[in-house]
Amino acid sequence: MQPSARYTGTPVVPGAGYGPVVRPAPVVADDPVGPGAVEPDEALIRFAVASESVAQRLEQLSSVSGGATAEVLAATAALARDRGLAAFVRRHVECGADVVAATRAAVAELSEMFRAAGGVMAERVADLTDVRDRIVAGLTGRPGPGVPVPDEPSVLLAHDLAPVDTAALDPALIVAIATEVGGPTSHTAIIARQLGIPCVVAVTGLADVATGRLVLVDGDTGEVIVEPDADAARSRVRDDRASREQVAAWRGPGRTRDGHPVEVLANVQDLESSRLAALAPVEGVGLFRTELCFLDSASEPSVEAQAAVYAKVLSVMGSRKVVVRTLDAGSDKPLCFVRHREEANPALGVRGLRIARDDPGILSRQLDAIALAASGAPGPVWVMAPMVSTVAEAAGFGAAVRQRGLVAGAMVEVPSAALRAAGLLEHLDFVSIGTNDLSQYALAADRMAPTLSDLTDPWQPALLQLVSMTAEAGLQAGKPVGVCGEAAADPVLSCVLVGLGVTSLSVATSAAAAVGARLAAVTHQQCAAAAEAAVACDSAEAARAAALRALGG
């Protein structure tokens, strides 16, 4: 490799970091080095202990993370406890395999099933592989995979990063991240955004960069520069630090420089994350992910038990609005008390609102619980359903919510909902766009496939056009249209969304100030010009560049 080299990938978290390269520790070797010959029952006990230890570590990190990071970690913890995985391990052990070989074989089988399912399930293969490596490390007494703690601020380069590794990073020591795989909505991007670590993904050739080389990662341009001019690199980092100080000073409320109001809201999933949101300069909660409260529940909590959980979150937020999403179960977030079918493609199957097709009582009891909690709440409570696809679904859900005296809405996550947004809003009070799923379904692209990251980029003009159609329907109906996907957390893209007509942006609490500060620096007219320029482009890269020009760089 030449003394200096330049690589380009997909920028997913803005900012700049400069320092020596560190890399994750190598995974446990594939040689089946088990704990020695033992009886099957003892082998299975060892597997149970090792897998439970992994699950508890993931849950511990989830409990202190909040936002989308907590969701990713909780879902990965569920993989470690997956009954299907345990059953496959049992079968291989009973056929004579040692427990380490049985674990690897079981994960290989499950991974093949996940890949065949496609969509969100295929995305979980990397998480499943990481769970395997951690369980095997526990079984063999070897160190588990992970990122070393550097002695100085460093840049982390990797082929990919597991959720637990990314969530455990210290932003004071890992000042930037670049990976060879992933996309704008990959787990690495989501967690890095929440931690505020500049990040670039889908960078080809990073394997050639040796540990210890000095590297500049630019999360605004997507560049990874090896051995850059030291003075220029330090100047870029100083500029980024000054920008971050401006962000830290933002206190809300959300509005453009010329006073156009835009609600900046937080995404939460439990009491702890809502407490963090309550301390931030946000105007409420735009997405309360209720399913994450019950991932460990073996049976459906009673109406009273659910209401108690919801009431705590509502109380913490005081007089601020809270938008509660009904259970988004299914696909990669199975709940023990929800009947999940065997499906060829779970991402396109029974998930979200569709679980009420098999068991309408789950939805009605949850709505009863939300209404009970809302009856004592100090602030307004809105309720929305995930995976709404038709006007009929919106009408049925809207009626059920309003019967309980609540404000009714729906997620726009599938193209049919965006195309029929005007019809949905005849029966609803608001909609909120989930750009993560909408981009994946609209462009038919696995968001974890590095070769397809350009398609799942939220700057794709086709996705922006669907957002524009939805926002226009809201404008005509005089009803709010929010965005609660990862796109809302991109400060530059947030301006474009506002220019398209979006009225609220719900983001990870840690991203709220960056979004608010960027909006405060531009006029509504600039946002509209940026939106028009971006939608007129033919690629995500061109759309971002055009928007930046319209916003003044």
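All of these numbers come straight from a predicted model, not from anything done at the bench.

Conventions used here
Residues numbered from 1 in each chain as written. Predicted model: local features only at pLDDT ≥ 70, side-chain atom pairs only at ≥ 80, totals over all residues. Heavy atoms only, no water. Helix = DSSP H or I, 4+ residues; strand = E, 2+ residues; numbered from the N terminus. Rg over C-alpha atoms; globule rule 2.2 N^0.38 Å. Buried < 20%, exposed > 50% of the residue type's maximum accessible area, 1.4 Å probe, protein only. Contact = heavy atoms within 4.5 Å. Areas by Shrake-Rupley, 256 points an atom, 1.4 Å probe, with all protein chains shown as cover. Lys, Arg positive; Asp, Glu negative; His and termini not counted. Charge placed at Lys NZ, Arg CZ, Asp CG, Glu CD. Axes fitted to C-alpha atoms, helices over the stretch in contact; angles between N-to-C directions. Parallel < 35°, antiparallel > 145°, perpendicular 65-115°, else oblique. Nonpolar A, V, L, I, M, F, W, Y, C, P; charged D, E, K, R; others polar. Phe/Tyr/Trp six-rings, centres within 6.5 Å; stacked < 30°, edge-to-face > 60°. Pairing = 2+ DSSP bridges. Polar contact = N/O pair within 3.5 Å; in protein donor to acceptor, adjacent residues only side chain to side chain. Core = buried A, V, L, I, M, F, W, Y, C linked by side-chain atoms within 4.5 Å. 1 Å grid on protein atoms, 1.4 Å probe; cavity = no way out; pocket = protein on both sides within 12 Å on 5 of 7 lines; lining within 4 Å. Points joined across faces, edges and corners; volume = space filled by probe spheres on them.

Thoughts on the overall build of the protein
Within the protein one finds 22 helices and 16 strands. Whereas a compact globule of 553 residues would reach a radius of gyration of roughly 24 Å, the protein reaches 23 Å, a difference of no more than 12%. Taken along its principal axes, the extent of the C-alpha atoms in the protein is 70 × 65 × 40 Å. Buried positions account for 57% of the 553 residues belonging to the protein. Partitioning the intrachain contacts of the protein with sequence separation of at least 6 by distance along the chain shows that 70% fall at a separation of at least 24. Entry remark: accessible area of the protein is about 21,100 Å², with carbon and sulfur atoms responsible for 54%. Of the charged side chains in the protein, 45 are positive and 63 negative; the average position of the first set lies 4 Å away from that of the second.

Focus: helix α20 (residues 512-520)
For α20, the complete set of buried residues consists of Ala512, Ala513, Val515, Gly516, Ala517 and Leu519. In this structure, the buried residues of α20 make contact with α9 (230-248), β9 (263-268), α19 (491-500) and β16 (504-507).

So, the environment of Glu42
Tracing the backbone shows Glu42 in helix α1 (residues 40-63). Taking the C-alpha atoms as reference points, Glu42 and Val99, 57 residues apart in sequence, are found 9.5 Å from one another.

Here's the deal with the packing of helix α10 (residues 271-278) against helix α11 (residues 303-316)
In the contact formed by α10 and α11, the axes pass within 9 Å of each other and the chain directions differ by 10°. Considering their axes alone, α10 and α11 lie roughly parallel with respect to each other. Residues Leu271, Ser274, Arg275 and Ala278 of α10 form the contact with α11, whose participating residues are Lys312, Val313 and Val316. Grouping the amino acids of the contact of α10 with α11 by side-chain chemistry returns 4 nonpolar, 1 polar and 2 charged.

Looking at the packing of α19 against helix α21 (residues 524-535)
Where α19 meets α21, the closest approach of the two axes is 7 Å, and the angle between their N-to-C directions is 95°. By the angle between their axes, α19 is roughly perpendicular relative to α21. Across the interface between the two elements, Cys495, Val496, Val498, Gly499 and Leu500 from α19 touch His524, Cys527, Ala528, Ala530, Ala531, Ala534 and Val535 from α21. Taken together, the residues of the contact of α19 with α21 break down into 10 nonpolar, 2 polar and no charged.

Brief notes about the pairing of strand β4 (residues 154-158)
Counting buried residues in β4 gives 5 out of 5 residues, a clear majority hidden from the surface. Across the two faces of β4 the burial is the same, with Ser154, Leu156 and Ala158 and Val155 and Leu157 all buried.

A short note on unusual backbone geometry
Of note, the amide linkage connecting Gly252 to Pro253 takes the cis form, showing an omega dihedral of 0°. Among the structural elements, Pro253 can be located in the loop between α9 and β9. Phi at Glu227 is positive, roughly 50°, even though this residue is not glycine. When you line up the elements, Glu227 lands in the loop between β8 (223-226) and α9. By relative accessible area, which is 29% here, Glu227 ends up partly exposed. Even without being glycine, Met387 reaches a positive phi, approximately 60°. Examined against the element boundaries, Met387 turns out to sit in the loop between β12 (381-385) and α14 (391-403).

Points about the packing of aromatic side chains
What describes a pair of aromatic rings is the distance from one ring centre to the other and the angle between the planes of the rings. Counted according to the given criterion, the structure contains 2 aromatic pairs. Geometrically, the ring pair formed by Phe288 and Tyr310 is edge-to-face, given 6.0 Å between the ring centres and 85° between the ring planes. Of the two residues, Phe288 sits in strand β10 (residues 284-289) while Tyr310 sits in helix α11, which places them 22 residues apart along the sequence. Judged by relative accessible area, which is 0%, Phe288 ranks as buried. Their ring planes at 40° and their centres at 4.8 Å tell us that Trp382 and Phe430 sit as a pair that is tilted.

Regarding the sheet that holds β4
The 8 strands lie next to each other as β1-β8-β7-β3-β4-β5-β6-β2, forming an open sheet whose pairing is mixed. Two strands close off the open sheet at either side, each with one partner strand: β1 (5-8) and β2 (10-13). Going across the sheet, the axis of each strand differs from the next one's by a mean of 30°, ignoring polarity. For strand β7 (residues 214-218) and β8, the ladder comprises 4 bridges, and the chain directions are antiparallel. Counted as the bridge partner of Val215 is Val226 from β8.

Notes on the environment of Asp258
Positionally, Asp258 belongs in the loop between α9 and β9. Taking C-alpha positions, Asp258 is 19 Å from Glu283, a pair spaced 25 residues apart along the chain. Apart from the residues lying within four places of it in its own chain, the contact partners of Asp258 are Val522, Thr523, His524 and Gln525. At a separation of 2.6 Å, a polar atom in the side chain of Asp258 contacts the side chain of Thr256.

What to know about the nonpolar core
Residues Trp459, Val496, Leu497 and Leu505 are the most contacted members of the largest nonpolar core, which totals 94 residues. Per-element accounting of this core gives the leading share, 8 residues, to helix α13 (residues 360-374). Filtering out sequence-adjacent residues up to four positions away, Val496 remains in contact with Trp459, Leu464, Cys527, Ala530, Ala531, Ala534 and Ala547. Counting 34 residues, the second-largest nonpolar core is a separate cluster that includes Ala55, Leu85, Val89 and Ala167.

Observations concerning empty space enclosed by the protein
Following the criterion strictly, the structure yields 4 cavities of 30 Å³ or more and no others. The volume enclosed by the second largest cavity comes to roughly 60 Å³. Residue lining of the second largest cavity: Thr326, Leu327, Gly352, Leu353, Ile355, Ala356, Ile362, Leu363 and Gln366, and that is the complete set. Secondary-structure elements contributing two or more residues to the lining of the second largest cavity are α12 (355-358) and α13. The residue inventory of the lining of the second largest cavity, partitioned by class, reads 6 nonpolar, 3 polar and no charged.

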